[in-house]
Amino acid sequence: MNASAQAGRLSADLASLDPETLHFILSDWQVWARDDQLPAATTPGGADWRVWLILGGRGAGKTRAGAEWVRAKALGIPPLGEEPARRIALVGETLADVRRVMIDGVSGLLAIHGEDERPELEVSKSQLVWPNGAIAQMFSAEDPDSLRGPQFDTAWCDELAKWRRPEETWDMLQFGMRLGENPAIAVTTTPRPLPLLKTIMADPATVITRAATVANAAIRVGIPARAYRRARQKVQFVELKENWPKHKRDGPSSREMPCRALTHYGVQIDCVKSLAYKAIDSRGQPTLLDPSLRAIQVLKFELW
């Protein structure tokens, strides 16, 4: 495949295949996925991982990666799924988001399955049922107690950084991950400075992949070139402290200050990969961060 693509023969070579072989290749996620859309086999220490954290910007292919992982687990497709999963938890910001993104979306579970393997959606029971008997139940992060009782061997959590009650929902899910020898969770989310997210990242049983929006060839052709020029740029501006809400004005933290400045200028903070900034006093001179600080100067930011 790589050799054909590099030689410019990929389309012709695919067209020469018989329908059965072509279907097999087109449905094999291992062939088409980017490296950041596949989990590591083990943790850096060589142990089985418990959480696969997929961090990425909008359109980076997080949903497709999560859905394909669940498909492989439900159907027992190696190497992602050695044997079919029995019980799967689908946890989203709301039940509507689970349906709209994780199940019915363009890259959702119903869209990526072939006709003979596609699960059936049982709306009245809020679950998907595969022909082999695997079941995926839907849960909302607005109702952590709904996770009390059920048991799972597999879970997919989408946009964890946007959950209304992240700690309670995550903790309740952990109690339910007790089926099988190696229960595993995939988390797809845009990065935000969330304490729970930092805890998950620091866990030695977590493996992490990161993807930028520009890595997705499927959308890259539809974005104007000027958007890429803006996506990685140096900017310099000063945000006066008087423009901030009073509770931020009285004692801003080092993180709140640049975030406030960026959002004021129309940059969504969940899309910011890194930023550089310094504090300045009322005379425009560099100073330390403290409650009396008058302004923050953002020197550079970089989008996912």
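The numbers attached to residues start from 1 for each chain and follow its sequence in the written order. In keeping with the predicted nature of the model, local features appear solely for residues at pLDDT of at least 70, side-chain atom pairs appear and are counted solely at 80 or more, and the whole-chain, interface and lining totals rest on all residues. No hydrogens and no water enter the side-chain calculation; it runs on all heavy atoms of the structure.

Visitor: Is there a simple way to think about the overall build of the chain in this case?
Guide: What the chain contains, in helices and strands, is 13 helices and twelve strands. Accessibility here uses a 1.4 Å probe with only protein chains present; expressed as a share of the type maximum, an area under 20% marks a residue as buried, one over 50% as exposed, and anything in between as partly exposed. A buried classification covers 45% of the 304 residues belonging to the chain. Contact criterion: two residues are considered in contact whenever any of their non-hydrogen atoms come within 4.5 Å of each other. A separation of at least 24 residues holds for 64% of the contacts in the chain among residues at least 6 apart in sequence. In the form shown here, the chain has an accessible surface area of approximately 16,000 Å², with 51% of it arising from carbon and sulfur atoms. Runs of E in the DSSP output that reach at least two residues are strands. Runs of H or I that reach at least four are helices, and both are numbered from the N terminus. Using a 1.4 Å probe, the Shrake-Rupley method yields the accessible areas, and only the shown protein chains count as cover for residues.

Visitor: Any chance you could explain the pattern of salt bridges here in plain terms?
Guide: Should their charged atoms come close, side chains of opposite charge can pair. We define a salt bridge as a contact between a side-chain nitrogen of Lys or Arg and a carboxyl oxygen of Asp or Glu at a distance within 4 Å. For the structure shown, the criterion picks out eleven salt bridges. A salt bridge links R118 to E115, with the nearest nitrogen and oxygen atoms 3.0 Å apart. Between E142 and R164 there is a salt bridge, and its shortest N-O distance comes to 3.8 Å. Of this pair, E142 sits in the loop between β5 (135–140) and β6 (154–158) while R164 sits in the loop between β6 and α8 (166–176), and the two are 22 residues apart along the sequence. Relative accessible area serves as the criterion here: at 37%, E142 is assigned to the partly exposed category. Several salt bridges share partner residues, and in doing so they unite R64, E68, R71 and E117 into one network.

Visitor: What is the right way to look at unusual backbone geometry in this model?
Guide: Backbone geometry follows two general trends: most residues other than glycine have a negative phi, and most peptide bonds adopt the trans configuration. In this structure, P79 follows P78 across a cis peptide bond, with omega equal to 0 degrees. By the secondary structure assignment, P79 is in the loop between α5 (62–75) and β2 (87–92). For E159, which is not glycine, the phi dihedral falls at a positive 50 degrees.

Visitor: Before we go on, may I ask you to explain the sheet that holds β6 in this structure?
Guide: A sheet is described by the order of its strands in space; here eight strands give the open sequence β3-β4-β5-β2-β6-β7-β1-β8, paired in mixed fashion. Taken across any chain shown, the strands that pair with only one partner, and hence form the sheet edges, are β3 (120–122) and β8 (206–211). Across this sheet, the average inter-strand angle for adjacent strands is 15 degrees, counted without regard to direction. Inspection of the sheet shows β3 paired to strand β4 (residues 127–129) by three bridges, in the antiparallel sense. Across the sheet, residue E120 finds its bridge partner in β4, namely V129. Inter-axis angles, ranging from 0 to 180 degrees, are taken between N-to-C directions of lines fitted to C-alpha atoms, where helices are fitted over the stretch in contact. α5 rests against β1 (51–56), β2, β6 and β7 (184–189) of the sheet, and its axis sits at about 170 degrees to β6. Together, β1, β2, β6 and β7 form the strand contacts of α8, whose direction differs from that of β7 by roughly 160 degrees. Pairing between strands is defined by DSSP: at least two bridges between them are needed.

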